[in-house]
Amino acid sequence: AEDPKRRVLKDVFGFDDFRPGQADVMDALLAGRHVLAVMPTGAGKSLCYQVPALVLGGLTIVVSPLVALMQDQVAALRLAGVAADTINSSLDREANVAAWRRVAAGQTRLLYLAPERLMTERMLDALARLDVSLIAVDEAHCISQWGPAFRREYEDLSRLRGIFPNVPIIALTATADEGTRTDIEARLFAERVETLVLGFDRPNIKLGIAAKQDSKRQLLSFVERHPGRSGIVYCLSRKKTEEMAAFLEKNGITALAYHAGMSKDAREANQNAFMTLSGVVMVATIAFGMGIDKPDVAYVFHTDLPGSLEAYYQEIGRAGRDGRSAEAHMLFGLGDIRMRRLFIDDEDAPVEHKRRSHGRLDTLIGYCETAQCRRQVLLGYFGEEAQPCGNCDTCLDQAPRADGGAEARIILAA
Ligand code: ADP
Ligand code: MG
Ligand code: ZN
């Protein structure tokens, strides 16, 4: 059967694909969990609760700090045919009464309110009698005195979890610093919250690429620099996952293999070990990863070139979901390019498809060989502009040295 959230995305909002992170946030909410979603501006935070609101039915309450923002969102939703309302101080009494009638009659799917209006006893009593499915707190950093825009009215929202104990709450913000985040968690959720730091930019993941020489040795020394941490190592072939895992084990590292050629039981056992124990290195083909949501993965290491920049982005995105510093490291050699070209040529696919696949591979190679900030190139591919990040190998290499290293890179990459 078709995924209901994907159907809503397409039928109501007219989009074919989720942006990075959106599906994860929605799945967590639809499973009834509380979520703190940290995503950059423009990443598409609104859809993260609008789509679940429509999938769940009933009433979704959206708390938003500015009347102008609420009006825009309600107008946009109505254009898309969604029953949205707002009750706020800029509307006359008649309009507010009409809106409340629709809400009380169960016609409204999303109701936008400022925090001070929501948190009146009359409003809370009335809402508690309705079928509330979801509560979204937008610009949630306003609840934190650490944050850049503290608003006293937001403090009162900490009562929500007690008033609606069975309703999932999502808090959304683009402010990713840790103090603000833990403050939001403490105030809105107590401890029952899943925090997802998502979006195109994952600034806590350090990006790096090295020339492939002796991949076993290179992997081992990388893993040894992250003692006791969980990590994922991606290899192109099934055989290589087993060889690499065995090599790590021989060197005193807890490593497991995962690929589609293993028995279902063996795969599940290894996946469970990875999920429940800490400090396990999973050496896997791309068969591993879908739906894996382990927040404390410290690194993703590619021993071989992935299939595309999208695939790479998705794979490295499994690191550092807890917001702590994490690392994505890839080994890159000419042999990998040859291998990938062969894969494409051998595919039983129309010429046009192969041409596009070669084009995607060229984009990925461009990323590997760039002398520019890698994050800039990666984000640029997703249409996002960025400043040099200071947390990738090209940024770090170029920073303090005046020995012509950066220049040599540019010449060599040309
Ligand atoms: P944020 O609140 O994170 O800053 P918004 O929710 O305002 O971002 O969304 C920014 C823009 O991205 C909006 O124009 C929205 O329609 C668009 N958008 C969101 N999700 C998608 C998607 N999956 N596909 C295409 N466009 C999207
Ligand atoms: Mg927003
Ligand atoms: Zn950079």
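What you are looking at is a predicted structure, and each value in this text was computed from that prediction instead of being measured.

## Things to note about the confidence of the model for the protein chain
Per-residue confidence for the protein chain averages 90 on the pLDDT scale, and 92% of its residues sit at or above 70. When the criterion is pLDDT under 50, residues 401-405 qualifies, and its contacts beyond four places in sequence or with other chains add up to 1 contact. The ipTM value of the predicted complex is 0.97, and its pTM value is 0.60.

## Regarding the environment of Met282
Examined against the element boundaries, Met282 turns out to sit in strand E11 (residues 281-284). Through-space distance from the C-alpha of Met282 to that of Ala245 is 7.8 Å; in sequence the pair is 37 residues apart. Residues within four places of Met282 in sequence aside, it is in contact with Ile232, Val233, Leu256, Tyr258, Phe274 and Phe288.

## With respect to the packing of helix H2 (residues 22-30) against helix H3 (residues 45-56)
Here H2 crosses H3 at 40 degrees, and the two axes come no closer than 9 Å. As judged from the angle between their axes, H2 and H3 are oblique. As for the relative orientation of H2 and H3, their crossing is right-handed in sense. For the pair H2 and H3, the contacting residues are Gln22, Val25, Met26, Leu29 and Leu30 in the first and Leu47, Cys48, Val51, Pro52 and Val55 in the second. Residue composition of the contact of H2 with H3, grouped by class: 9 nonpolar, 1 polar and no charged.

## Re the nonpolar core
Counting residues in hydrophobic clusters, the biggest one holds 53 residues, and the most contacted among them are Val35, Ala37, Ala136, Val137, Ile170 and Ala171. No other element matches H3, which puts 6 residues into this core. Ignoring sequence-local partners within four residues, the contact set of Ile170 consists of Leu29, Val35, Ala37, Cys48, Tyr49 and Ala136. Formed by 45 residues, the second largest nonpolar core is a distinct cluster that contains Ile232, Ala257, Phe288 and Leu364.

## As for unusual backbone geometry
Of note in this structure, Glu139 is not a glycine but carries a positive phi near 50 degrees. Within the element layout of this structure, Glu139 appears in the loop between strand E5 (132-137) and helix H8 (152-155). For Glu139, a count of 21 C-beta atoms within 10 Å corresponds to the buried category.

## With respect to the UniProt feature "transmembrane region" (unreviewed entry) in the protein chain
Summarizing the sequence annotation, UniProt attributes the feature "transmembrane region" (unreviewed entry) to residues 49-69 in the numbering used throughout. Summarising residues 49-69: 52% helix, 24% strand, and an end-to-end C-alpha distance of 15 Å.

## Structural notes on H3
Over its 12 residues, H3 extends 18 Å from the first C-alpha to the last, a length consistent with the 16 Å expected when each residue adds 1.5 Å. Counting buried residues along H3, 9 of its 12 residues qualify, which places the element largely inside the surrounding structure. Taken together, the buried positions of H3 are Lys45, Leu47, Cys48, Tyr49, Gln50, Val51, Pro52, Ala53 and Leu54. Looking one or two residues beyond H3, the residue adopting positive phi is Gly57, at roughly 75 degrees.

## Quick notes on the sheet that holds strand E10 (residues 255-258)
Within the open sheet, the 6 strands sit side by side as E8-E13-E12-E9-E11-E10. Their pairing is parallel. The open sheet is flanked by strand E8 (205-211) and E10, the only strands paired with a single partner. Each strand axis lies, on average, 15 degrees off the axis of its neighbour in the sheet, ignoring direction. Sheet contacts for helix H11 (residues 215-224): E8, strand E9 (230-234), E11, strand E12 (297-302) and strand E13 (326-332); angle to E13, the most-contacted strand, approximately 170 degrees.

The rules we used
Residues numbered from 1 in each chain as written. Chains lettered and ligands numbered in written order. Predicted model: local features only at pLDDT ≥ 70, side-chain atom pairs only at ≥ 80, totals over all residues. pLDDT = per-residue confidence, 0-100. Contact = placed C-beta atoms within 7 Å. Helix = DSSP H or I, 4+ residues; strand = E, 2+ residues; numbered from the N terminus. Axes fitted to C-alpha atoms, helices over the stretch in contact; angles between N-to-C directions. Parallel < 35°, antiparallel > 145°, perpendicular 65-115°, else oblique. Left-handed = near helix turned anticlockwise from the far one by under 90°. Nonpolar A, V, L, I, M, F, W, Y, C, P; charged D, E, K, R; others polar. Core = buried A, V, L, I, M, F, W, Y, C linked by C-beta atoms within 7 Å. Buried ≥ 20, exposed ≤ 12 C-beta atoms within 10 Å, placed from the backbone. UniProt positions renumbered as here; feature names shortened; annotations may be inferred. Expected span 1.5 Å × (residues − 1). Pairing = 2+ DSSP bridges.

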